[in-house]
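An overview of the molecular structure
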Amino acid sequence: MRNVAVFGATGSIGGSTLDVIARHPQRFRASVLAAHRASGALAALCERFAPDLAIIADPALEADLRARLIRAGLATRVASGPAALAEAAASPLCDTVVAAIVGAAGLESTLAAARAGKRLLLANKEAIVMAGPLLLAALRDGGGELLPVDSEHNALFQALPPAAATRRAALAASGVRKLILTASGGPFRGRSRADLARITPEQAVAHPNWRMGRKISVDSATLMNKGLEVIEAHFLFDAAPEAIDVVVHPQSIVHSLVEYADGSVLAQLGNPDMRTALAYGLAWPERVEAGVPALDLVALARLDFQPPDLDTFRCLALAYAALRQGGTAPAILNAANEIAVAAFLDGQLPFLAIAEVIEACLEQIPAEPVTDLAQLIQTDLTARAAAQRMMRRLHC
Ligand code: NAD
Ligand code: MG
């Protein structure tokens, strides 16, 4: 029996994880559930899954959550605050941690799970973008295993030889020439910059193929999601920026591909449903039913591929630039993006200005080699403050 902590249980990835867990009560148990502020939704999940521990990140809601669980007659213990997340990640309550908190808020619990040697199912790409070298060191020290559940990286993990997928062998030594990430292109694929000037948050979060949280939906619309994923692939598989390509594939059926020296290209295909990657991560190296309908190739009939438009969707180019710069540059990129996307979703920043804010932050804040967590947290705060200043100057 695998005891699974689901951080971000009330979100899109959290819901898909719990759906897979519920299909296999003899294999998986949700032992810890955590959310930010949605105490009602978290209490409802506790009634369904009866975890040992429920964590609400906002301490102001701890009493509310406790009252709900008592009313429901549950024995689930309650904790609150960011430290409780890291503590639970490292505790014997779980052997597996699903890191599905959105943004930098997930970093410390993700690192704690890695350090404690857990099986880490990583959805929280912002954590590895910010702190790739620290997360890799924590995994080495802890002796745990990282299973990528971002669909592209899960596809790469499946299409790579096992030693290369887990960084035990170099890509070149395994005959790998390129990692090719697919991108749906988001809701604005094919549009020009002029078309994008007056995009509203509701248009931006209406993704054609995936139902996801609001922040990653905007990232998909700007192509920053693919930029973050290029950086994620670099750290996960020790791939040079030149060895990571992006191709737009509007149907989101081919989740990514590995190109080998002999001309072979191995891809992983499936319907766009995150339960496939989550079931893979939970059951690995076995495979279990995930509730995902079989792929009907004849009904699909065609798969299209196009180059990304880096002039219109500048965030992808900015992410490559931050990766090449290295050190703390990806953390600066991520923090500036989080602030700009939140302002856009709030109606405070035009869609096209998201890239301007990020570019200005990358220019203004010098990147340094990564040393420790305190440095990265400080960099994150500095970049957030710079992004706020930039937004006031640019548009408010
Ligand atoms: P979401 O907005 O639907 O859910 C986010 C979850 O995180 C919620 O449960 C929320 O309560 C929790 N949360 C937010 N802030 C928190 C905080 N400060 N402390 C503790 N918990 C907090 O987001 P999502 O779409 O599920 O995405 C989650 C992560 O997975 C993101 O990093 C995203 O990039 C990644 N991801 C998502 C998908 C997808 O299909 N949704 C695919 C690949 C990767
Ligand atoms: Mg993805």
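Residues numbered from 1 in each chain as written. Chains lettered and ligands numbered in written order. Predicted model: local features only at pLDDT ≥ 70, side-chain atom pairs only at ≥ 80, totals over all residues. Heavy atoms only, no water.

1. What about the overall build of the chain?
Note the threshold: Only runs of H or I of at least four residues qualify as helices and only runs of E of at least two qualify as strands under DSSP, and these elements are numbered from the N terminus. C-alpha atoms define the radius of gyration, and 2.2 Å times the number of residues to the power 0.38 defines the globule rule. The buried label goes to any residue with under 20% of its type's maximum accessible area, the exposed label to any with over 50%, and the partly exposed label to all in between, with areas taken from a 1.4 Å probe on protein chains only.
For the chain, the count of helices and strands is 17 helices and eleven strands. Relative to the 2.2 N^0.38 estimate, which gives 21 Å for 396 residues, the radius of gyration of the chain is 20 Å and therefore close to what a compact globule would have. On the principal axes, the C-alpha backbone points of the chain span a range of 55 × 50 × 45 Å. For the chain, buried positions account for 56% of its 396 residues.

2. Thoughts on the site of ligand 1
We apply this condition: Residues are labelled near a given molecule or strand when at least one of their non-hydrogen atoms is within 4 Å of it. Identification of polar contacts relies on pairs of N or O atoms within 3.5 Å, with a donor-acceptor requirement for protein atoms, meaning one able to donate a hydrogen and the other able to accept it, and with residues adjacent in sequence counted only if both atoms are side-chain atoms. For accessible areas, the Shrake-Rupley method is used with a probe of radius 1.4 Å. Any residue's cover is judged against the shown protein chains and nothing else.
Taken together, the neighbourhood of ligand 1 is formed by 22 residues, with Thr-10, Ser-12, His-36, Glu-126 and Gly-213 sitting nearest. Interatomic distance of 3.2 Å between a backbone N/O atom of Gly-8 and an oxygen atom of ligand 1. Take His-36: an N or O atom from its main chain is 2.9 Å from an oxygen atom of ligand 1. Considered on its own, ligand 1 offers 820 Å² of accessible surface; in the complex 87% of this is hidden by protein.

3. Focus: the domain arrangement of the chain
Convention followed: All the domain ranges listed were derived from an automatic or database domain assignment. Any two residues whose heavy atoms approach within 4.5 Å are treated as being in contact. Defined in terms of a 1.4 Å probe, buried area is the accessible area two parts forfeit on being brought together, summed over both. Salt-bridge detection follows one rule: a side-chain nitrogen of Lys or Arg within 4 Å of a carboxyl oxygen of Asp or Glu. Amino acids are sorted into nonpolar (Ala, Val, Leu, Ile, Met, Phe, Trp, Tyr, Cys and Pro), charged (Asp, Glu, Lys and Arg) and polar (every other residue, Gly among them).
Here the chain is described as being made up of domain 1 (2–148), domain 2 (157–273 + 295–300) and domain 3 (326–393). Domain 1 and domain 3 are separated by 27 Å when their C-alpha centres are compared. Across the contact, eleven residues belong to domain 1 and twelve residues belong to domain 3. When domain 1 packs against domain 3, the two sides together hide about 870 Å² of surface, and 74% of this comes from carbon and sulfur. Among the residues domain 1 hides against domain 3, the three largest losses belong to Val-129, Met-130 and Leu-134. Together they make up 55% of the total. Across the contact surface, domain 1 and domain 3 share zero salt bridges. The interface formed by domain 1 and domain 3 includes one residue pair in polar contact (both at pLDDT 80 or more). Residue contributions to the side of domain 1 that touches domain 3 peak at six residues, all from helix α6 (residues 125–142). Partitioning the side of domain 1 that touches domain 3 into residue classes produces eight nonpolar, one polar and two charged.

4. With respect to the pattern of salt bridges
Summed over all chains, the structure comprises 25 salt bridges. The shortest N-O distance in the salt bridge between Arg-66 and Glu-62 comes to 2.9 Å. Taken together, the residues Arg-66 and Glu-62, both in helix α3 (residues 62–71) and four residues apart, mark about one turn of the helix. Judged by relative accessible area, which is 36%, Arg-66 ranks as partly exposed.

5. Considering the sheet that holds strand β9 (residues 244–248)
The strands making up a sheet are joined through hydrogen bonds of the backbone, oriented either antiparallel or parallel. Quick reminder of the rule: Note on pairing: DSSP must find at least two bridges between two strands before they are called paired. Axis definition: a line fitted to C-alpha atoms, over the contacting stretch in the case of helices. Angles run 0 to 180 degrees between N-to-C directions.
The four strands are arranged β9-β8-β10-β11 in an open sheet whose pairing can be described as mixed. Both outer strands of the open sheet, β9 and β11 (265–269), are each paired with one neighbouring strand and no more. Sheet twist, expressed as the mean angle between neighbouring strand axes with direction ignored, is 20°. Where strand β10 (residues 254–260) meets β11, five bridges bridge the pair, whose relative direction is antiparallel. Looking at β11, one finds that Val-258 is bridged to Leu-266.

6. Comments concerning the coordination of the magnesium ion (ligand 2)
Selection criterion: Water is not among the atoms examined, so metal sites may look incomplete; donors are the N, O and S atoms within 2.8 Å of the metal, or within 3.2 Å for Na, K and Ca.
The magnesium ion (ligand 2) binds to the protein through Asp-150 (OD), Glu-152 (OE) and Glu-229 (OE), with metal-donor distances spanning 2.1 to 2.2 Å. Counting gaps between the donor residues of the magnesium ion (ligand 2) yields the pattern D-x1-E-x76-E. Taken together, the residues span a long stretch of sequence, with Glu-152 in helix α7 (residues 151–159) and Glu-229 in helix α11 (residues 224–237) at a distance of 77 residues. Judged on exposure class, the residue Glu-152 and its partner Glu-229 are both buried.

7. Some points on the packing of aromatic side chains
Stated precisely, the cut-off is as follows: Stacked, tilted and edge-to-face are the three classes applied to pairs of Phe, Tyr and Trp rings, where Trp contributes its six-membered ring and a pair requires centres within 6.5 Å; stacked means planes under 30 degrees apart, edge-to-face means over 60, and tilted covers the rest.
Overall, the coordinates contain four aromatic pairs when judged by the stated rule. Where Phe-157 meets Trp-284, the ring centres are 5.9 Å apart and the plane angle is 75°; that geometry is what we call edge-to-face. Here Trp-284 lies in the loop between α12 (275–283) and α13 (297–300) and Phe-157 lies in helix α7, a separation of 127 residues in the sequence. With 5.3 Å between their ring centres and 85° between their planes, Phe-188 and Phe-351 make a pair best called edge-to-face. Here Phe-351 lies in the loop between α15 (329–345) and α16 (353–364) and Phe-188 lies in the loop between β8 (176–183) and α9 (201–204), a separation of 163 residues in the sequence. Owing to a relative accessible area of 2%, Phe-188 belongs among the buried residues under this scheme. Cluster of aromatic residues (ring-pair linked, three or more members): Phe-157, Tyr-280 and Trp-284.

8. Side note on the environment of Ala-355
Here Ala-355 lies in helix α16. Here Ala-355 falls in the buried class, since its relative accessible area comes to 7%. Between the C-alpha atoms of Ala-355 and Phe-313, which are 42 residues apart in sequence, the distance is 8.3 Å. Not counting residues within four places of it along the chain, the set of residues in contact with Ala-355 comprises Arg-314, Cys-315 and Leu-318.

9. Observations regarding the pairing of strand β2 (residues 28–35)
We apply this condition: Looking down the strands as they point away from the viewer, one classifies a crossover as right-handed if the path from the first strand across the helix to the second runs clockwise.
Within β2, seven of the eight residues are buried, which leaves it mostly tucked inside the rest of the structure. When strand β1 (residues 2–7) meets β2, the two strands line up parallel, connected through six bridges. Paired with Asn-3 across the strands is Arg-29, a residue of β2. Crossover handedness for the path β1 to helix α1 (residues 12–23) to β2: right-handed. You can see the chain leave β2, run along helix α2 (residues 39–49) and come back into strand β3 (residues 53–56), and the turn it takes is right-handed.

10. Brief notes about a nonpolar patch on the surface
Heads up, the rule is: Residues qualify for a patch when their relative accessible area is over 30% and they have no salt bridge, like charges being joined within 9 Å and the nonpolar side chains of Val, Leu, Ile, Met, Phe, Trp and Tyr within 5 Å.
Taken together, Leu-269, Leu-297, Leu-303 and Phe-305 make up a surface patch of nonpolar side chains, about 340 Å² in accessible area. Structurally, Phe-305 can be placed in the loop between α13 and α14 (314–325).

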